[in-house]
Amino acid sequence: MKSQPTEQQIRDLLSKVPYPGFSRDIISFGVVRGITIDSEISIQLVVATNDTAVATQLRERVLQAMTSLGSDVPVKVQVDVQAPVQNASQGPVPIPGVRQIIAVASGKGGVGKSTVSVNLAVALAAQGLKVGLCDCDLYGPSVALMCGVSERPYADEEGRIIPPERHGIKIMSMGLLLDGDSPALLRGPMVTRYTQQFLRNVLWGDLDVLLLDLPPGTGDIQLTIVQTIPLAGAVIVTTPQEVALIDARKAASMFQKTNVPILGILENMACFIAPDGSIHEIFGSGGGEKEAVRLGVPFLGSLPLDPAIRIASDSGTPLVVSSPQSPTSEHFTKVATSLASLG
Ligand SMILES: Nc1ncnc2c1ncn2[C@@H]1O[C@H](COP(=O)(O)OP(=O)(O)O)[C@@H](O)[C@H]1O
Ligand SMILES: [Mg+2]
């Protein structure tokens, strides 16, 4: 029988391990991010340093300390090294070569952010701009699928990722790094790190516009972005229904508090136009426009609930590419034009 220590025992032990070069211990330093006890004991550490020797020392110290438990359960120590987080006073740091960065956000999931991001990106590219699209929705990436890209991106000798190009835009998405349907199993600090990597460790090259397809809500990813990336602005996507609008308001408030201009509200799935031409307002009507007025930001119009949009996305060819003349594509093009005129 293997004797299993408790998490508390391990924490007590680690609270006596000093951080290399400091008298303070690694628990109070906040370095220990997770302890899992199973057939093996797994300890996750996250350190913010540019000194790689610290990771090695930490791992050795933790393993050494664990031997004093006298347990025969194998111990695995995982050290995640992150570049030190800039302090807030440094403010957002531009991405070299990228002229302007625009976020596509929403409060609620499933309102069509990715659909809008992908179609706006290709519409901007069709206007002759150099465009990148970064899928910041690490847990629910859909940009790769919607653009029909599946190949794993290559890295250069320095480990920087070369984003694949499709439909005239450069693309980065978690969907390109995962195998098939595997979910992204990421803990809090890794989410921040991946977000930074996607933005700073990808060879975006010279871009007129980098669009960021954000996850829904106002979580870690969005906060990392608003605090570290200079956004030219954000487009908020919502459906006309109240539950979506309430959440859209929260997203808007996050941008306002961090001085990111809201470039407008785009209402999606506003109505369904039946084959007989009758209009059905499934999620209500007018909500997006009212919200834009309330916030004093531009209303970017309403897109209908149109099966052609979904079919195009599912097939990997966005509607703006597959049917550029359709009224919905023309709407995307109009919104893209208004965004392009910003910079
Ligand atoms: N206007 C629309 N008409 C029909 N289907 C849509 C429309 N907008 C989005 N969809 C579909 O709805 C689903 C959710 O959209 P998505 O863009 O992934 O939302 P989000 O990124 O906000 O979670 C997708 O399958 C997409 O193809
Ligand atoms: Mg999405």
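Residues numbered from 1 in each chain as written. Chains lettered and ligands numbered in written order. Predicted model: local features only at pLDDT ≥ 70, side-chain atom pairs only at ≥ 80, totals over all residues.

Digging into the overall build of the chain
Within the chain, the regular secondary structure consists of eleven helices and 15 strands. If you line up the chain on its principal axes, its C-alpha atoms span 75 × 40 × 40 Å. For the chain, the residues scored as buried account for 39% of the 343 residues in total. Partitioning the contacts of the chain with sequence separation of at least 6, the portion at a separation of at least 24 is 75%. (Helix = DSSP H or I, 4+ residues; strand = E, 2+ residues; numbered from the N terminus. Buried ≥ 20, exposed ≤ 12 C-beta atoms within 10 Å, placed from the backbone. Contact = placed C-beta atoms within 7 Å.)

Concerning the site of ligand 1
Taken together, 17 residues surround ligand 1, and among them G112, K113, S114, T115 and R310 come closest. Broken down by class, the residue content of the shell around ligand 1 amounts to five nonpolar, nine polar and three charged. (Near = placed C-beta within 6 Å. Nonpolar A, V, L, I, M, F, W, Y, C, P; charged D, E, K, R; others polar.)

Overview of the sheet that holds strand 2 (residues 41-48)
Strand order in this open sheet of three strands is 1-2-3, and the pairing throughout is mixed. Each having just a single partner strand, strand 1 (32-37) and strand 3 (75-82) make up the two edges of the open sheet. Going from strand to strand, the sheet's axes swing by 15 degrees on average, the running direction of each strand aside. Two elements, strand 2 and strand 3, share eight bridges in a ladder whose sense is parallel. Looking at strand 3, one finds that V46 is bridged to D80. Sheet strands in contact with helix 2 (residues 52-67) are strand 2 and strand 3, and its direction is about 155 degrees off that of strand 3. (Pairing = 2+ DSSP bridges. Axes fitted to C-alpha atoms, helices over the stretch in contact; angles between N-to-C directions.)

Regarding unusual backbone geometry
Negative phi values dominate among residues other than glycine, just as trans dominates among peptide bonds. We note that N259 has phi near 60 degrees; this positive angle belongs to a residue other than glycine. Assignment of secondary structure puts N259 in the loop between helix 7 (242-257) and strand 12 (262-267). We note that M269 has phi near 55 degrees; this positive angle belongs to a residue other than glycine. The residue M269 is located in the loop between strand 12 and strand 13 (272-273) in this model. The class of M269 is buried, set by 23 C-beta atoms lying within 10 Å.

Observations regarding the sheet that holds strand 4 (residues 98-105)
Pairing is mixed in the open sheet, where eight strands are placed in the order 8-9-5-10-4-11-12-15. Of all strands in the sheet, those bounded by a partner on one side alone are strand 8 (165-166) and strand 15 (299-302). Examined bridge by bridge, strand 11 (residues 233-238) and strand 12 share five bridges and lie parallel to one another. Counterpart to T238 in the pairing with strand 12 is E267. Against the sheet, helix 3 (residues 113-126) touches strand 4, strand 5 (131-135), strand 9 (169-172), strand 10 (207-213), strand 11 and strand 12, its axis set at about 170 degrees to strand 10.

So, the domain arrangement of the chain
Taken as a whole, the chain is organised into domain 1 (7-84) and domain 2 (90-340). Taking only C-alpha atoms, the centre of domain 1 and the centre of domain 2 are 38 Å apart. In this complex, domain 1 contributes six residues to the contact, which on the side of domain 2 involves four residues. At the level of secondary structure, the elements contributing two or more residues to the side of domain 1 that touches domain 2 comprise strand 1, strand 2 and strand 3. (Domains from an automatic or database assignment.)

Details of the packing of helix 3 against helix 11 (residues 327-340)
Packing of helix 3 against helix 11 leaves a shortest axis separation of 9 Å and a crossing angle of 70 degrees. In this view, helix 3 runs roughly perpendicular relative to helix 11, as classed from their interaxial angle. Every pair of crossing elements has a handedness; the one defined by helix 3 and helix 11 is right-handed. Seen from helix 3, the contacting residues are N119, L120, A123 and L124; seen from helix 11, they are F332, T333, V335, A336, L339 and A340. Of the residues assigned to the contact of helix 3 with helix 11, the class counts are eight nonpolar, two polar and no charged. (Parallel < 35°, antiparallel > 145°, perpendicular 65-115°, else oblique. Left-handed = near helix turned anticlockwise from the far one by under 90°.)

Digging into helix 2
The first and last C-alpha atoms of helix 2 sit 24 Å apart over 16 residues, in line with the 22 Å expected at 1.5 Å per residue. Residues of helix 2 that are buried in the fold lie against helix 1 (7-14), strand 2 and strand 3. (Expected span 1.5 Å × (residues − 1).)

As for the pairing of strand 5
Of all the five residues making up strand 5, five are buried; the element is thus mostly covered by neighbouring parts of the structure. The alternating pattern of strand 5 places V131, L133 and D135 and G132 and C134 on opposite faces, both of which are buried. As defined by bridge partners, strand 5 adjoins strand 9 across four bridges and the pair is classed as parallel. If you follow G132 over to strand 9, its bridge partner there is K170. Both strand 5 and strand 10 contribute to a ladder of five bridges, which runs parallel. Across the sheet, residue L133 finds its bridge partner in strand 10, namely L211.

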